[in-house]
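# A closer look at the structure
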Amino acid sequence: MLAFSVPLSTSALSILAILILLFWLFEGDFTEKIVEIFSNPVVVSVLAFLAVLAIGLLWSPDVRAGLEVLQDRWKIAMLPVFLTVISYKRRPFYINCFLAGLVVAMFITFLAWFDLIHYSDVTPTHLTRKTFHVVYNPLLAFGIYLVLHEAIWGARKGGFRLGLFVLAGLMIFNMFITEGRAGQLVFFVLIALLLFQIFRKNRVKAVLAVFLLLPIVFVAGYGLSPVFKHRVDTVRQEISQFKDNPETSIGLRLLYWQNSWEIIRQHPWLGVGTGGFEAAYARVNQKKSPLYFPTDNPHNQYVLVATMVGIPGVVALLLIFAAMFRQAFAKRDNLQRIRCAFPLFFLTIMLTESYLKVYETAFFFVLFAAILYKQKPDQRLQSLRSGVNKNWLILSYLFNIDGKAASQTITDRIPLLLKEGVKPTVLSGPIGNRDNRFPHSRIFSCMPSGLQYELRFLLKKTDMHKWLRELLKALVTIIFLPLYILERIVIHLDTHWSWGFSGAARGLFCLFHNRPDLIYSTAGPSSTHLAAYFLHRLSGISWIAEIHDPLIYDIEKRKWNQRYLFNNWLEKKICEHAAAVIYFTDHALESADRRHPIDGLKVVLRPGADPPVSPGVEYARRAKIHFGHFGSLATTRNLRRLIEAFYLLHKGQPAWQQHVVLDIYGSGLDNVSKRTLAEFPLEQTLQEHGRLEYDVATGKSGRQQVFEAMTLCDVLLILHGNGLICEEYIPSKVYEYLLTRRPVLALTAATSELGHIVLECGHRVVDPDDVNAIKDALAGYIMKWKESGLAGVKQDSPFTIEKTVHRLMEIAQQVR
């Protein structure tokens, strides 16, 4: 309603602004409002400008007049209120409401033009009441720009677009039959800008269009519109007669500027103080032009500010529009061009009038500044963190499991999250260790497949005799076998699917008992996110979904099977309802967003890793060069090319075989690697070490031992695997590799995300399918090792848990 009223009624503007302010105060939630206000550069620059005016009271000769100046600027001071009131998604609607009001105002001028209405001093030759043309025509000029912008770049097509061009034509016609010269001036400026925006890729065409079209429009208006012709001729005549007769519209403006310049010359640095213009002008006027009445407004915003608060005021004023231009170029969306036009519009019209003082244009300024420069809700709190969203409900099936990469992702973050003041409540599967620092519930799955897996896993962790452990595992399998078979006949999902229901059931209790501010699902199979989805839908609490490996891939062929259909449905729900969706690679995020457009915040977050937990272990050159591979192997991520490369290397340099070791740590060789090893034997080179588990004798966890083994290797090997799937994941071991500072050789494409990470950190990448390139890379390391040893990389890893947690806290604040 306020946007609609801008070109129509000052009384309506006042009433609506006061109502908005009252509701804003009644609404509360001032913490978020203050954060949004002070994280918006445009609002901060406007507040700074008002602050300069307030400080100008210190040297004002008339404090009461200065306070009246500040009181008159209450319209500009409404910007923080408007910014926090308007809805980001409804910005185009507000603009359309303004245009609707402008069309109504234009309709009234046409009625007057046709001599159908008679009131006040409105006549067929003077179509606006009193001096309203001073406001109407600039607003009309900006309205023309908005309509043309929508007609050219808007999503609407066909008849509606044609209607917009017809409306723009009527508005341009109206521009030349009404009297506002400031509006006519800025009309030509905005049309020039529009042409540059249309031909932004070809500046020569833009310049030609401006120099051809604008003169044509000007000549046509001058020749066809008696009103426009009269206004142009009047300007020329009044300027030429200024010295003899300054008592004209243009002449008085020139006189005001001339006398105001004398004030600026006398007080260039700080001006005469806020509220001191009228008295200072009266003194200069009495001396230089005593025959003419003094004024309280020089009809130029820059001059008015310069006379009152000098250089600081002018700089503060210009910084407002600098912030607007910067915001315009910093963010690309369908309003970017309008964000460029808006400051240019005001910078132009303020040459002819103090438009930030004029009632309607002051409201227009704050309204459109709020509309155009309001930041998207998921971006407006990036630099500030307050004490909200500290009670987190974390769902992580694989929480606190030694040796599990997915578990490390969340478990390593917990100490830093606690340091940030987060109060977590964790729901996990039963297979991880309990954490007693906070509420941690370990929940079993509710179906046979999940229960069987979990019980067998727990038995595997016990210290009982092996024969007894295996006997109990067999008994568990036999007990659950009938129910397991029945489940598998009907349901063909992963083993943990039912945890989504048992986790959600336990989560309901946590919603009431722990009162979380945020739901965060991570480090687990799809059932982790299923439980979070249920809890989010039941509670409405903001939900962050962190997806380690994509739920589905575009290249999957069996898209009709149950697992694909379920994961596709779940991915859709995540993209629709999660306030933030986190992936570990750009490609995975882009693929998910393409399949199901993400409504919330889209984030790529590198998980990172902790520094080595055994800092006492240092690298030392040994009798043999050790190439180490850590992590799981599979048919799509195997050692085939690496084994072939080592075989060719030994075949070409048999003596090297005695000095080279390929250490394999993990769950063992995959079938493809085994077959390759049978074809290209490396008996004296390849050594399997298996998984490194908790060592009772030393008290070291498996992860501590892995870090030590990494640190002692000469070269660390990372395999990315085969196929398009590799573009959507990065092996988590690479982050631990980088922390050891040992040379890393990655078998991946240099253009992949993994390749970029490895190269940027000073390591080496080779084509995973080029056996000769792999062989040459291995040979290079061996020769360097034989000559002078392999020094570590000096560059620190940029992927730390601290940085990840800091970003996660920002995301949590943004999604509130």
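For the structure, check the block above.
Now for a quick tour of the structure. (Residues numbered from 1 in each chain as written. Predicted model: local features only at pLDDT ≥ 70, side-chain atom pairs only at ≥ 80, totals over all residues. Heavy atoms only, no water.)

### Details of the overall build of the protein
So the rule is basically this: The numbering of helices and of strands both runs from the N terminus, where a helix is a DSSP run of H or I of at least 4 residues and a strand a run of E of at least 2. In this treatment the radius of gyration is a C-alpha quantity, and the globule benchmark scales as 2.2 Å times the residue count to the 0.38 power. Only protein chains enter the calculation, and the probe is 1.4 Å; a residue is then buried if its accessible area is under 20% of its type maximum, exposed if over 50%, and partly exposed in between. The criterion used for residue contact is that any of the two residues' heavy atoms lie within 4.5 Å. Accessible surface is estimated by sampling points in the Shrake-Rupley manner with a 1.4 Å probe; for residues, cover comes only from the protein chains shown.
The helix and strand tally for the protein stands at 32 helices and 13 strands. In summary, the protein has a C-alpha radius of gyration of 36 Å against a globular reference of 28 Å for 816 residues, an excess of more than 25%. Seen through its C-alpha atoms, the protein measures out along the principal axes to roughly 115 × 60 × 60 Å. Looking at the protein as a whole, 54% of its 816 residues are labelled buried. Of the contacts made within the protein by residues no fewer than 6 positions apart, 72% connect residues no fewer than 24 positions apart. Total accessible area on the protein is roughly 37,500 Å²; 61% of this is exposed by carbon and sulfur atoms.

### As for helix 23 (residues 526-539)
Inclusion rule: A helix's residues, less one, multiplied by 1.5 Å, set its expected span.
Between its first and last C-alpha atoms helix 23 spans 20 Å; for 14 residues at 1.5 Å apiece the expected length is 20 Å, and the two agree. Of all 14 residues that make up helix 23, 10 are buried, and the element is covered over most of its length. Regarding helix 23, the residues found buried are Ser526, Ser527, Thr528, His529, Leu530, Ala531, Ala532, Tyr533, Leu535 and His536. For helix 23, the secondary structure elements touched by its buried residues are strand 1 (391-395), helix 22 (499-513), strand 4 (518-521), strand 5 (542-547) and helix 24 (562-577). One or two steps after helix 23, the chain reaches Gly540, where phi turns positive at roughly 80°.

### Some details on the nonpolar core
The cut-off we apply is this: We call a set of buried Ala, Val, Leu, Ile, Met, Phe, Trp, Tyr and Cys residues a nonpolar core when their side-chain atoms join them within 4.5 Å.
Within the largest apolar cluster, 111 residues are counted, with the highest numbers of intra-cluster contacts made by Phe98, Phe142, Phe342, Phe346, Phe364, Phe365 and Phe368. At 12 residues, the largest contribution of residues to this core is made by helix 8 (residues 133-153). In contact with Phe142, other than residues within four places in its own chain, are Leu190, Ile338, Ala341, Phe342, Phe345, Phe364 and Phe368. The next biggest cluster of nonpolar side chains, apart from the first, holds 39 residues, and it includes Leu398, Leu427, Ile574 and Cys575.

### Observations concerning unusual backbone geometry
Residue Asn400 is not a glycine yet carries a positive backbone phi of 60°. Note on placement: Asn400 falls in the loop between strand 1 and helix 18 (405-411). For Asn400, a relative accessible area of 19% gives the class buried. Positive phi values are uncommon outside glycine, yet Arg741 reaches one of about 65°. Here Arg741 shows up in the loop between helix 29 (733-740) and strand 12 (744-747). Residue Arg741 is classed as partly exposed on the basis of its relative accessible area, which comes to 37%.

### Regarding the packing of helix 26 (residues 640-652) against helix 31 (residues 771-787)
Each pair of packed helices gets described by two things: the angle between the helix axes and the distance between those axes. Definition in use: To define axes, lines are fitted to C-alpha atoms, for helices over the stretch in contact only, and angles between the resulting N-to-C directions are given on a 0 to 180 degree scale. Throughout this description, any angle smaller than 35 degrees is read as roughly parallel, any larger than 145 degrees as roughly antiparallel, any in the 65 to 115 degree range as roughly perpendicular, and the remainder as oblique. When the near helix sits turned anticlockwise from the far one by under a right angle, the crossing is termed left-handed; a clockwise turn instead gives a right-handed crossing. Following the grouping adopted for this structure description, the nonpolar residues are Ala, Val, Leu, Ile, Met, Phe, Trp, Tyr, Cys and Pro, the charged ones are Asp, Glu, Lys and Arg, and the polar ones are all others, Gly among them.
Two numbers describe how helix 26 lies on helix 31: the axes approach to 8 Å, and their chain directions differ by 60°. By the angle between their directions, the pair helix 26 and helix 31 is classed as oblique. Helix-helix and strand crossings are classified by hand; for helix 26 and helix 31 the assignment is right-handed. Residues Arg641, Leu642, Glu644, Ala645, Phe646, Leu648 and Leu649 of helix 26 pack against Val771, Asn772, Ile774, Lys775, Leu778, Ala779 and Ile782 of helix 31. Residues of the contact of helix 26 with helix 31, tallied by class, amount to 10 nonpolar, 1 polar and 3 charged.

### Re helix 26
It helps to recall that an α-helix has 3.6 residues per turn; residues three or four apart then point in one direction. Across its 13 residues, helix 26 extends 19 Å between first and last C-alpha, which sits within 8% of the 18 Å expected from 1.5 Å per residue. Every buried residue of helix 26 is listed here: Leu642, Ile643, Glu644, Ala645, Phe646, Leu649 and His650. Where the residues of helix 26 are buried, they touch strand 8 (625-630), strand 9 (660-665), helix 27 (671-679), strand 11 (715-719), strand 12 and helix 31.

### Examining a negative patch on the surface
Stated formally: Residues forming no salt bridge and having over 30% relative accessible area are the ones grouped into patches, like charges within 9 Å of each other and nonpolar side chains (Val, Leu, Ile, Met, Phe, Trp, Tyr) within 5 Å. Any carboxyl oxygen of Asp or Glu that lies within 4 Å of a side-chain nitrogen of Lys or Arg is treated as forming a salt bridge with it. In this count, Lys and Arg are taken as positive residues and Asp and Glu as negative ones, while His and the chain termini are left out. In this description, the location of a charge corresponds to atom NZ of lysine, CZ of arginine, CG of aspartate or CD of glutamate.
Side chains of Asp62, Glu68, Glu278 and Asp296 sit close together on the surface and give a patch of like negative charge. Along the chain, the position of Asp296 falls in the loop between helix 14 (277-288) and helix 15 (301-330). A residue is classified by how much of its surface remains accessible, and Asp296, at 42% relative accessible area, is partly exposed.

### Let's talk about empty space enclosed by the protein
Note the threshold: Here a cavity denotes grid points, spaced 1 Å and computed from the protein atoms alone, that fit a 1.4 Å probe unable to get out, and a pocket denotes an open set having protein on both sides within 12 Å along at least 5 of 7 lines; residues with an atom within 4 Å of a point are the lining. Grid points are joined across faces, edges and corners, and a volume is the space filled by probe spheres set on the points.
Enumeration according to the criterion identifies 3 cavities of 30 Å³ or more in this entry. The volume enclosed by the largest cavity comes to roughly 90 Å³. Lining the largest cavity are Ala405, Gln408, Thr409, Asp412, Pro607, Gly608, Ala609, Arg703, Ser732, Tyr735, Glu736 and Ile801. Mapped onto the lining of the largest cavity, the elements with two or more residues apiece are helix 18 and helix 29. Sort the elements by how many residues they give to the lining of the largest cavity and helix 18 lands first, with 3 residues.

### Thoughts on the sheet that holds strand 2 (residues 423-428)
Heads up, the rule is: In this scheme, strands are said to pair when DSSP sees at least two bridges between them.
Reading across the sheet, the 7 strands line up as 3-2-1-4-5-6-7 and stay open at both edges, with parallel pairing between neighbours. Edge positions in the sheet fall to strand 3 (440-442) and strand 7 (601-604), since each has one partner strand and no second. Geometrically, the sheet is characterised by an average inter-axis angle of 15° between neighbouring strands, direction not taken into account. Of the strand pairs in this sheet, strand 1 and strand 4 are connected by 4 bridges, and their pairing is parallel. Bridge pairing in strand 4 links Trp392 to Leu518. Across the face of the sheet, helix 24 comes into contact with strand 5 and strand 6 (580-583) while running at roughly 135° to strand 5.

### Here we look at the packing of helix 4 (residues 41-55) against helix 15
Interhelical geometry of helix 4 versus helix 15 gives an angle of 175° and a closest axis separation of 8 Å. Between helix 4 and helix 15, the angle is such that the two are roughly antiparallel. From helix 4, Pro41, Val42, Ser45, Val46, Phe49, Val52 and Leu53 reach across to helix 15, where they touch Val305, Met308, Val309, Pro312, Gly313, Ala316, Leu317, Leu319, Ile320, Ala323, Met324 and Gln327. Among the residues forming the contact of helix 4 with helix 15, the class breakdown is 16 nonpolar, 3 polar and no charged.

### Thoughts on the pairing of strand 12
Here strand 12 shows two buried faces, one formed by Val744 and Ala746 and the other by Leu745 and Leu747. When strand 11 meets strand 12, the two strands line up parallel, connected through 4 bridges. Opposite Leu717, over in strand 12, you have Leu745 as the bridge partner. With 3 bridges joining them, strand 12 and strand 13 (residues 764-766) adopt parallel strand pairing. Looking across to strand 13, one finds that Leu745 is bridged to Arg764.

### Comments concerning the pattern of salt bridges
Should the charged atoms of two oppositely charged side chains come close, the side chains can pair. Overall, the coordinates contain 23 salt bridges when judged by the stated rule. The partner of Asp233 in a salt bridge is Arg236, with the nearest N and O atoms 3.3 Å apart. With Asp233 and Arg236 both in helix 12 (residues 226-240), this residue pair falls 3 residues apart, about one helical turn. Its salt-bridge partner being Asp593, residue Lys602 comes within 3.2 Å of it at the nearest N-O pair. Given the relative accessible area of 43%, Lys602 is considered partly exposed. Salt bridges sharing common partners tie together Asp72, Arg73 and Lys75.

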